[in-house]
Amino acid sequence: MFVSYKWLQDYVDLSGINATELADKITKSGIEVEGVEKKSEGLKGVVIGHVLEREQHPNADKLNKCLVDIGAENPVQIICGAPNVDKGQKVAVATVGAVLPGNFKIKKAKLRGEESHGMICSLQELGFESKLVSKDYATGIFVFPNDTEVGKDALEELGLSDEVLELGLTPNRSDALSMLGVAYEVGAILGREVKWPVIENEEAAEKASDYISVKVEAKADNPLYIAKIIKDVKVGPSPLWMQTRLMSAGIRPHNNVVDITNYILLEYGQPLHAFDYDRFGSKEIVIRRAKDAEKIVTLDEAERTLTPEHLVITNGNEPVAIAGVMGGANSEVKNDTTNIIIESAYFAGTVVRKASKDHGLRSEASARFEKGVDPARVREAGERAAQLIAQYAGGTILQGTAEVDELTMEPAVISITLEKINTLLGTGMTVSEVESIFKRLQFGVELDNETFTITVPTRRGDITIEADLVEEAARLYGYDNIPATLPIGSATPGQLTDYQIKRRKARRTLEGAGLYQAVTYSLTSQEKAAQFALETRESIRLAMPMSEERSQLRLSIVPQLLEVVKYNNARQLDSLALYEIGSVFFKQDGQELPEEKEHIAGAITGLWESHLWQGEKKPVDFYVAKGVIEALFDTLGLADQISYRQAEINDMHPGRTAEVLLNSEVIGFIGQVHPTVQKDLDIKETYIFELSLKALAEAEVAPIAYETIPRYPSTTRDIALVVDKATKAGDIQSIIIEAGGKLLKEVGIFDLYEGERMEQGKKSIAYSLKYFDPERTLTDEDITKAHDNVLAAVKEKAGAELRG
Amino acid sequence: MMQERLLELQEEALQKVAAASELKELNEVRVSYLGKKGPITEVLRGMGKLSAEERPKIGALANDVREAIASKIEEKQKALETAAVNAKLATETIDVTLPGRPVNKGNLHPLTRVVEEIEDLFIGMGYTVAEGPEVESDYYNFEALNLPKSHPARDMQDSFYITDEILMRTHTSPVQARTMEKHKGQGPVKIICPGKVYRRDNDDATHSHQFQQIEGLVIDENISMSDLKGTLDVFAKKVFGQDREIRLRPSFFPFTEPSVEVDISCKICGGKGCSVCKQTGWIEVLGGGIVHPNVLEMAGFDSKKYSGFAFGIGVERIAMLKYGVDDIRHFYTNDVRFLKQFHHHEA
Ligand SMILES: [Zn+2]
């Protein structure tokens, strides 16, 4: 909503408060003023001129040579290219030295050999948006009314020196979609009265009801419809002041009748419509739901197909308007129109919203109906329109109206105690402070002890419950005056859940291991949604995606991380270590909502260690990535419950991929991205993992129980075993642990040899075994017994021979 | 005679000790003077010729001489050893200005950093952290929050619907609705709800179809607007600095009444007005208000007994203001040159 500071003064006294101060006060009390604009700022030197002579430029077909009186001692010669410039016109002249929008300075010039002392301006050249310029002047200069005084400031005449406040209205404050509504708000803020327009219509003896009748068939959609008839109007331009006010509010002037209906829309917030009585096609107005596939050609000359969800105004036979949205071309007010019907009605928001949405016709009028107009203003707005039409378009107002009025409007009555207000706000307002606020808002106030009974005017349809009154009290009392306190009440323990703590521990561990946290999008393409997915389940698609690239909910995080790797690799950032924790989504049969699981994924590539001046470089390999997740399992207390199993997974390197098992359940995988996939993505050798954080965090963990620090020495025995190349080190380790019994406390691998000194198809793995007993020093005999067991077991179960 | 001889030997030995420049030389001195075949032992062997009176005197003197020599030798030996070590260390000097061996370390994403900071602040004030699904039912996302299907503020075009009944949540408020429901009308409730949310926006410098929010909710007896103001003042000072002020402006949200928009004083200009704060001295950071009685009632709370406040913070907005990030897309591009900037603890 654009509010002219000058216009507003018609309704409320603004003396002693300038536009900027007013804007600040309005913002502080609830309606955000998004800007205060003075269009003439920085412009100067534009005056009203009188075109005394016009002739064709001797050397240019499309130019005119004009002699213009600009109120100076002598008239000046101006060359003008506008097709509509003519002798006798009053025009806006940018004189030599003038400054126009865009800091465009007017200088004396010579155009095709003829001197030009200034420029005759179009409205666009003075800073008006093209969409606001009346069609009459769309492609030429603007012509002022004949009685405009020569030499006067043209910017002033065009209302450009006015200041316009732009209000950012929240959906509940549609009451401020009118000048009167804003006046009530400003009146409440400043504690000043609101002055309504004075309407004294002289009516003819002839009755409107003899000319037209009104019948409403859809009373729920249209409980109030008032028609007034004005005869013998003369359609022409509206007065300049009205045009400039419309333009300041963002509405393009057309002709006096249409401009007046728009002016009332701005003044009262009540949309009106004018029909040409003689083209109406009947003497009855019938309001009903449209028939299926019924058609209407609207004012914009588009043929529109209607449905029974749309409300239409008809002449009893065919539609003449889509109610509250747009009139029909058949009954449009044109330059030769003489008799008109003014419609002032209350249309339900839902039916207007449906039609405006279906036909893509959102207008100032439909927006107001959608949010609900004030039923108390419908009648008066019609009268006001009649008054202005009689005044500015001539004509005779016929007596009375033709109408259907079944609108019951009970103003809301709400009781509230002073205590309730003060408790909810944390304030110590007095009875008289609160009473004064409601009175300034011009609400009905009855006070019984400390209970207020408030009658809310229908213009404030947003106020229905106590809390709404509390808000009114708060905003006019001033939020700056509300103290700052902290809740007092029962103490509550503030803490993270076990799951949340584990998630944070996972983050700390991965950061400690050198990984940076990434955050990527949950929405991805169909193709990527299921790539690298831990579970092959159906993915979920949006009903109306904005693009294919973001159409599907992800089943895994890895594809998004690989995109991050690709992005960074493309910028010569080759060494990367990233992780992400986020949800993946699986469709669940028979359930409305999908299953959401939090996963933890990582991508590591490039150099893991690099200490260049000491000549050390170590590229990332499988075991680097595995070390990272091992640290994670250790932090979560799950190291003993985790195992790995060689696996083949789509898009992963077939020989360098493992499933990760928690006890016996697969909860993730780790490995190298398949080289072809790496090549397709144009990324370097990359190792990835994805694990179910949910599974990890929910697994049972043994409590920490102190173990005695050994008082007796331990003994270490090393063995090198020769086994088949395919034999897994992890399997041998399991055999050793099992066979070693309770004396064997630690097993570690300290060497792996697969080189040429080995027999074909064999490798050697060296294990270090640590034996001890917390109760005593072990004898050689004890150890040998346990150790022999180990050797026998690995020989038997893994075919391992001691390396000679 | 013997007395002179002993003192002579002492003088002679001490001179040699002083002159010794290597441990080996010093050892030779020790062996030649203090050894069993040394001159002092020899002198003592001649003691038999002395009178019983003189004997102890000479014996004592001989001991003194031995001790004097031995102590000097020891002193000298330490000095020589120290010198030897120093000489060796001198050859081992390194350039301490060369860079150290890098230890791999990563850090949190700036958004998580902000979330954890805010979580910790509110945990300290007795809140718990509540979470919920990112794909939500229309009921929890809208209806339970006083946004019935016909509400004008609801537009299909603004949300990512999956079916008519489920959608990507547009705020974390459904977690509030779910938590309230779990409390079955019993206060107090003190939660903050961080999480990802989704809206149908084209990604540009200031919009992102995915972003993060933290919402807060307190329900108890006698919760007031002043409690919200005080709580958010603590928040603003912790996150943006002790010298920051907040200001509440009336606003509108369907789930709170009264509703407020909250501004913090501009750090850049100190409130005088600059381009960052659009010349107002204030920067809008969040919205909140008193929980709408319909929302309380729908979740089973008696709105006559209980009241509450709620607020919602845009995490990206906080991070952008706090760190001066100028484009929201940086948070989702994950350029490591960006990610690596958020590593140290700020005071
Ligand atoms: Zn500033």
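Computed from a predicted model, the values in this text were never measured in an experiment.

Engineer: Before we move on, could you go through the overall build of chain B and cite the residues and values that matter?
Structural biologist: From N to C terminus, chain B includes twelve helices and nine strands. Its C-alpha atoms give chain B a radius of gyration of 42 Å, clearly above 20 Å, the size a compact globule of 347 residues would have. Across its three principal directions, the C-alpha atoms of chain B cover 130 × 45 × 45 Å. Counting the 347 residues in chain B, one finds 52% classified as buried. Summarising the internal contacts of chain B: among those between residues at least 6 apart in sequence, 68% fall at separations of at least 24.

Engineer: Can you break down the sheet that holds strand 43 (residues 801–802) of chain A residue by residue, with the values?
Structural biologist: Residue and element names in this part refer to chain A. Taken together, the four strands give an open sheet; going across it, the order is 41-42-40-43, and neighbouring strands pair in antiparallel fashion. Two strands bound the open sheet, and with one partner strand each, they are strand 41 (744–753) and strand 43. Relative to strand 42 (residues 762–771), strand 41 runs antiparallel, the two sharing eight bridges. By the bridge assignment for strand 42, G748 is matched with S768. Across the face of the sheet, helix 21 (residues 780–798) comes into contact with strand 40 (715–724), strand 42 and strand 43 while running at roughly 15° to strand 40.

Engineer: Requested: an account of the packing of helix 14 (residues 498–512) of chain A against helix 5 (residues 110–124) of chain B, with residues and values cited.
Structural biologist: Closest axis-to-axis distance for the helix 14 of chain A/helix 5 of chain B pair is 13 Å, and the angle between their directions is 135°. Taken together, the axis directions place helix 14 of chain A and helix 5 of chain B in an arrangement best described as oblique. You can see that helix 14 of chain A and helix 5 of chain B cross each other, and the crossing is left-handed. Contacts from R504, R507 and R508 of chain A in helix 14 of chain A reach T112, E116, E119 and D120 of chain B in helix 5 of chain B. Classifying every residue of the contact of helix 14 of chain A with helix 5 of chain B gives no nonpolar, one polar and six charged.

Engineer: So, the interface of chain A and chain B: which residues are in play, and what are the values?
Structural biologist: With 87 residues of chain A at the contact, the number on the chain B side is 85 residues. Taken together, the two surfaces of chain A and chain B that pack against each other cover about 7200 Å², and 57% of this comes from carbon and sulfur. Scanning the region where chain A abuts chain B turns up nine salt bridges. Seen at the junction of chain A and chain B, the total is 37 residue pairs in polar contact (both at pLDDT 80 or more). Contributions of two or more residues to the side of chain A that touches chain B are made by helix 2 (19–28), helix 11 (418–425), helix 13 (466–477), helix 14, strand 29 (516–517), helix 16 (558–569), strand 32 (576–586) and strand 34 (607–611) of chain A. Looking at the side of chain A that touches chain B element by element, the count peaks at eight residues for strand 32 of chain A. Of the residues that constitute the side of chain A that touches chain B, the class distribution is 40 nonpolar, 25 polar and 22 charged.

Engineer: Please provide a residue-by-residue account of helix 5 of chain B, values included.
Structural biologist: All names here are of chain B. Its 15 residues give helix 5 an end-to-end C-alpha distance of 21 Å, which sits within 8% of 21 Å, the value for a rise of 1.5 Å per residue. Within helix 5, 13 of the 15 residues are buried, which leaves it mostly tucked inside the rest of the structure. Immediately beyond the C-terminal end of helix 5, within one or two residues, lies G126, with a positive phi of roughly 90°.

Engineer: How would you sum up the domain arrangement of chain A? Please name residues and give values.
Structural biologist: Residues and elements named next belong to chain A. Here chain A is described as being made up of domain 1 (2–39 + 163–190), domain 2 (44–157), domain 3 (203–405), domain 4 (412–480), domain 5 (498–698) and domain 6 (715–802). Distance between the C-alpha centres of domain 2 and domain 3: 37 Å. Summing the contributions of domain 2 and of domain 3, the shared interface buries around 870 Å²; its carbon and sulfur component is 64%. Between domain 2 and domain 3 we count two residue pairs in polar contact (both at pLDDT 80 or more) in total. Split into classes, the residues belonging to the side of domain 2 that touches domain 3 amount to seven nonpolar, two polar and three charged.

Parameters and conventions
- Residues numbered from 1 in each chain as written.
- Chains lettered and ligands numbered in written order.
- Predicted model: local features only at pLDDT ≥ 70, side-chain atom pairs only at ≥ 80, totals over all residues.
- Heavy atoms only, no water.
- Helix = DSSP H or I, 4+ residues; strand = E, 2+ residues; numbered from the N terminus.
- Rg over C-alpha atoms; globule rule 2.2 N^0.38 Å.
- Buried < 20%, exposed > 50% of the residue type's maximum accessible area, 1.4 Å probe, protein only.
- Contact = heavy atoms within 4.5 Å.
- Pairing = 2+ DSSP bridges.
- Axes fitted to C-alpha atoms, helices over the stretch in contact; angles between N-to-C directions.
- Parallel < 35°, antiparallel > 145°, perpendicular 65-115°, else oblique.
- Left-handed = near helix turned anticlockwise from the far one by under 90°.
- Nonpolar A, V, L, I, M, F, W, Y, C, P; charged D, E, K, R; others polar.
- Buried area = accessible area lost by both parts, 1.4 Å probe.
- Salt bridge = Lys/Arg side-chain N within 4 Å of Asp/Glu carboxyl O.
- Polar contact = N/O pair within 3.5 Å; in protein donor to acceptor, adjacent residues only side chain to side chain.
- Expected span 1.5 Å × (residues − 1).
- Domains from an automatic or database assignment.

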